[in-house]
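The lines below spell out each chain.
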Protein chains: 2
Amino acid sequence: MNPTITAFETSPDRGQGLARDMRVRWALEEVGQPYEVRLLSFKEMKEPAYLALQPFGQIPTYREGELVLFDSGAIVFHIAEHHAGLLPSDTNARARAITWMFTAVSTMEPPVVEHGMMKIAESGEPWFEPRMALLEPRVHARLAQLSAHLGDADWLDGAFSAADLLMISVLQRLRSSKLVDGYPNLAAYVARGEARPAYQRAFAAQLAVFEASQAR
Amino acid sequence: MNPTITAFETSPDRGQGLARDMRVRWALEEVGQPYEVRLLSFKEMKEPAYLALQPFGQIPTYREGELVLFDSGAIVFHIAEHHAGLLPSDTNARARAITWMFTAVSTMEPPVVEHGMMKIAESGEPWFEPRMALLEPRVHARLAQLSAHLGDADWLDGAFSAADLLMISVLQRLRSSKLVDGYPNLAAYVARGEARPAYQRAFAAQLAVFEASQAR
């Protein structure tokens, strides 16, 4: 039986691929695992039946028989651990890829999300501009460090892995702010991820959900 | 040969156990693995030799022969994967524990760190109070969701695991703000973690480093 993931019935990003089901779809496409999707309204996500599966009322969840997981990073790791193609087989290289998976979601993503949330939720506040002037350098500091690490390599550590999948997904969240554009190697890195056939299939699938929601 | 971790020569938290080497020390103590510590000055952490190991100039790193890892969540996972005692042996329970590890560092920790950083870096800004009035409810929302999940259980999912270790470490960062005190089951959960002998040994070890730095 195929696993089932949850996703927004109508994604707030209007199908740009920034909702976190995209990471799981991409991982499933990379390993060639078909999947089912259960779409949720914002109301359903906050109801007790869903909170019993996902205590924070977020998408995606991942169901595989009796097992229910959440957190896109953890789900991507689960897929990577149980299929070939997303983690190196060499023990040390595998441990380093897992380091980069955690780094993507816990070192890179928090300032990126804080930056994005401020733009959405605080752009009308009197402190928006002066506080952005404090926050943007923190995002730039992380981007500069990541750019220095990547250098002219294609991927973070050897071959493409689940770490690249998560890191590229994080960097994509800066698309509208154009902050990544100042780092040509990072911009090329994101483009390299987006050019992968598995990414393209996952992107098309989530876009089709959004377009169907608009056609109703 | 024992693994070597890096830590602050003089921790900015003055030995309160909030620096991220504490998570790794605690994990190593839980599994009974002795370790060495290499102390770093703030200057050394930003030098090219260290940045080659840790691209973001942070502690801790973890060295085990040829392998160098960073990111405290990833290091705790590595320890948990290679020793008994920090992850369940049942396949599904193990996957759920990993879900909670990612959730601790990528869902719970970001608003907690944003809250703490604001208190440190923006308390003199004119927007401090009105913005805190926006941010605190976001932290409370996460705490309420976590509290509802935990209920009257001792740990997040069955027996104590690496997920509890990380989650308790995140909640400890709210100690000075007392935000956790409004959730008696979470306060008891943190206390339960801190009462573990392995936690006590790790805490004493990091405090001894700080005290030695002050005696010089």
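For clarity, every value in this text was computed on a predicted model and none was experimentally measured.

## Describing the interface of chain A and chain B
Item 1. Tallying the contact residues gives 45 residues for chain A and 45 residues for chain B.
Item 2. Taking both sides of the interface into account, the surface hidden between chain A and chain B amounts to around 3800 Å²; carbon and sulfur atoms contribute 66%.
Item 3. When the area that chain A buries against chain B is broken down by residue, the three leading residues are Phe-56, Phe-102 and Trp-127 of chain A, summing to 19%.
Item 4. A salt bridge links Arg-138 of chain B to Glu-122 of chain A; the shortest N-O distance between them is 3.2 Å.
Item 5. On the surface where chain A and chain B come into contact, there are 12 residue pairs in polar contact (both at pLDDT 80 or more).
Item 6. For the side of chain A that touches chain B, the secondary-structure elements that each account for two or more residues are β4 (67-70), α4 (72-82), α5 (91-121) and α6 (128-150) of chain A.
Item 7. At 19 residues, the largest contribution of residues to the side of chain A that touches chain B is made by α5 of chain A.

## Description of the packing of helix α1 (residues 21-31) of chain B against helix α4 (residues 72-82) of chain B
Residue and element names in this part refer to chain B.
Item 1. α4 packs onto α1 with a crossing angle of 10 degrees between their chain directions and a minimal axis gap of 9 Å. On the basis of the axis angle, α1 is roughly parallel to α4. Where α1 approaches α4, its residues Arg-23, Val-24, Ala-27, Leu-28 and Val-31 are matched on the opposing element by Ser-72, Ile-75, Val-76 and Ile-79.
Item 2. Among the residues making up the contact of α1 with α4, the classes are represented as 7 nonpolar, 1 polar and 1 charged.

## Some details on the sheet that holds strand β2 (residues 36-40) of chain B
Residues and elements named next belong to chain B.
Item 1. Taken in spatial order, the 4 strands of this open sheet run β2-β1-β3-β4, and their pairing is mixed. A strand with exactly one partner marks an edge of an open sheet, and here the two such strands are β2 and β4 (67-70). The average undirected angle you get between the axes of adjacent strands in this sheet is 25 degrees.
Item 2. In this fold α1 packs onto β1 (4-8), β2 and β3 (61-64), with an angle of close to 145 degrees to the strand it touches most, β1.

## Digging into the pattern of salt bridges
Item 1. All told, the structure shown has 28 salt bridges over all chains when counted by the stated rule.
Item 2. Across the salt bridge formed by Glu-122 of chain A and Arg-131 of chain B, the nearest N and O atoms sit 2.7 Å from each other. Taken as a pair, Glu-122 of chain A in the loop between α5 and α6 and Arg-131 of chain B in helix α6 (residues 128-150) lie in two separate chains rather than in one. The exposure classification of Glu-122 of chain A matches that of Arg-131 of chain B, with both residues buried.
Item 3. Close ionic contact of Glu-47 of chain B with Lys-43 of chain B constitutes a salt bridge, the shortest N to O distance being 3.0 Å.

The rules behind these values
- Residues numbered from 1 in each chain as written.
- Chains lettered and ligands numbered in written order.
- Predicted model: local features only at pLDDT ≥ 70, side-chain atom pairs only at ≥ 80, totals over all residues.
- Heavy atoms only, no water.
- Contact = heavy atoms within 4.5 Å.
- Buried area = accessible area lost by both parts, 1.4 Å probe.
- Salt bridge = Lys/Arg side-chain N within 4 Å of Asp/Glu carboxyl O.
- Polar contact = N/O pair within 3.5 Å; in protein donor to acceptor, adjacent residues only side chain to side chain.
- Helix = DSSP H or I, 4+ residues; strand = E, 2+ residues; numbered from the N terminus.
- Axes fitted to C-alpha atoms, helices over the stretch in contact; angles between N-to-C directions.
- Parallel < 35°, antiparallel > 145°, perpendicular 65-115°, else oblique.
- Nonpolar A, V, L, I, M, F, W, Y, C, P; charged D, E, K, R; others polar.
- Pairing = 2+ DSSP bridges.
- Buried < 20%, exposed > 50% of the residue type's maximum accessible area, 1.4 Å probe, protein only.

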